[in-house]
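Listed below, chain by chain, are the residues.
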Amino acid sequence: MEVSDDGYSVTIRDLPTDERPREKLARNGAQSLSTQELLAIILRTGTAGRSALSLADRLLHAHGGLRGLARADIGELIRTEGVGKVKAIQIAACVELGRRLAVQMEDERRTVGSPEEVADMLMPEMRDLKVEQFRVLVLDTKHRIIRVKMASMGTLDASLVHPREVFREAIAASGAAVIVAHNHPSGDPTPSREDRATTQRLAEAGRVLGIELLDHLIIGESKWISMKRAGYL
């Protein structure tokens, strides 16, 4: 065991094999790890009396979390006890790769200018679903897709959608507009009375929030309908 200034620290080797960060990442993917565990992998090793996990925790606390850590320069990182120049450079390199990826993703965001483009993107996956799914496309001011999220999943007969589930994603992503879509497992995209009512309710909620509902697509087996083009929006 390692003794730290917290009084007790478990080394990574003391953890069960399936709980060690590298093994967890290999088995379940990077998304399954905590920020502390990911940072511990980057650090590779700890110091005398402090494991890599403990050192990662200290770094995050010292810099106010991940965003603060990303803003820190090499000199600031080195001032954290247990972090030498090599570890500081490793962290700085990973942060810069993340920044460059974010810029590239921003440049490559797909812009949607028509319901055909949305249908082409969603139909291959949604037309064969056995239950209704309601999805939200969050767009920026240039109508580029920020994210696509599932707001609800219903039964074979109905899917209940509340405006808060739809616009929560847009608010979280600072979106300017949304396009929503859901499938009809029957294969017939003809809008039901509930579909029309849901469209109107979402449009009204969007006006209150200042986030425009651009369209609502209903996806069938081989056809789709734009509620805007059909005059319901």
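Structure: above.
Reading the values: the criteria
Residues numbered from 1 in each chain as written. Predicted model: local features only at pLDDT ≥ 70, side-chain atom pairs only at ≥ 80, totals over all residues. Heavy atoms only, no water. Salt bridge = Lys/Arg side-chain N within 4 Å of Asp/Glu carboxyl O. Helix = DSSP H or I, 4+ residues; strand = E, 2+ residues; numbered from the N terminus. Polar contact = N/O pair within 3.5 Å; in protein donor to acceptor, adjacent residues only side chain to side chain. Buried < 20%, exposed > 50% of the residue type's maximum accessible area, 1.4 Å probe, protein only. Arc of directions from axis to C-beta. Pairing = 2+ DSSP bridges. Contact = heavy atoms within 4.5 Å.

A. Representation of the pattern of salt bridges. Within this structure, the stated rule accounts for 8 salt bridges. Between Glu169 and Arg147 there is a salt bridge, with the nearest N and O atoms lying 3.2 Å from each other. Of this pair, Glu169 sits in helix 8 (residues 163-172) while Arg147 sits in strand 2 (residues 145-153); the two residues are 22 residues apart in sequence, bridging distant segments of the chain. In this structure, the salt-bridge partner of Glu165 is Arg164, at a minimum N-O distance of 3.6 Å. Overlapping salt bridges, with partners in common, bring together Arg164, Glu165 and Arg168 in one network.

B. Spotlight on the side chain of Glu37. By the secondary structure assignment, Glu37 is in helix 2 (residues 35-43). A distance of 2.9 Å separates the side chain of Glu37 from the backbone nitrogen of Ser34, its partner in a polar contact.

C. Representation of helix 7 (residues 115-126) in the model. Taken together, the buried positions of helix 7 are occupied by Pro115, Val118, Ala119, Leu122, Met123 and Met126. The buried residues of helix 7 occupy one face: seen down the axis, they fall within an arc of 115 degrees. Projecting away from the buried face of helix 7 at angles above 90 degrees are the exposed residues Asp120 and Pro124.

D. Molecular detail of the pairing of strand 1 (residues 133-139). Within strand 1, 7 of the 7 residues are buried, leaving the element largely enclosed by the surrounding structure. Alternating positions in strand 1 separate into two faces, Gln133, Arg135, Leu137 and Leu139 on one and Phe134, Val136 and Val138 on the other, with burial throughout. Both strand 1 and strand 2 contribute to a ladder of 7 bridges, which runs antiparallel. Along strand 2, the bridge assignment pairs Arg135 with Met150. In textbook terms, the turn of a hairpin is the stretch between consecutive antiparallel strands, and for strand 1 and strand 2 this stretch comprises 5 residues, one of which, His143, has a positive phi near 60 degrees.

E. The environment of Ala119, seen in detail. Tracing the backbone through its elements, the reader meets Ala119 in helix 7. Assessed through its relative accessible area of 0%, Ala119 is described here as buried. For Ala119 and Leu217, which are 98 residues apart along the polypeptide, the C-alpha to C-alpha distance reads 7.6 Å. If we ignore the near neighbours within four places in the chain, the residues touching Ala119 are Pro124, Leu217 and Trp224.

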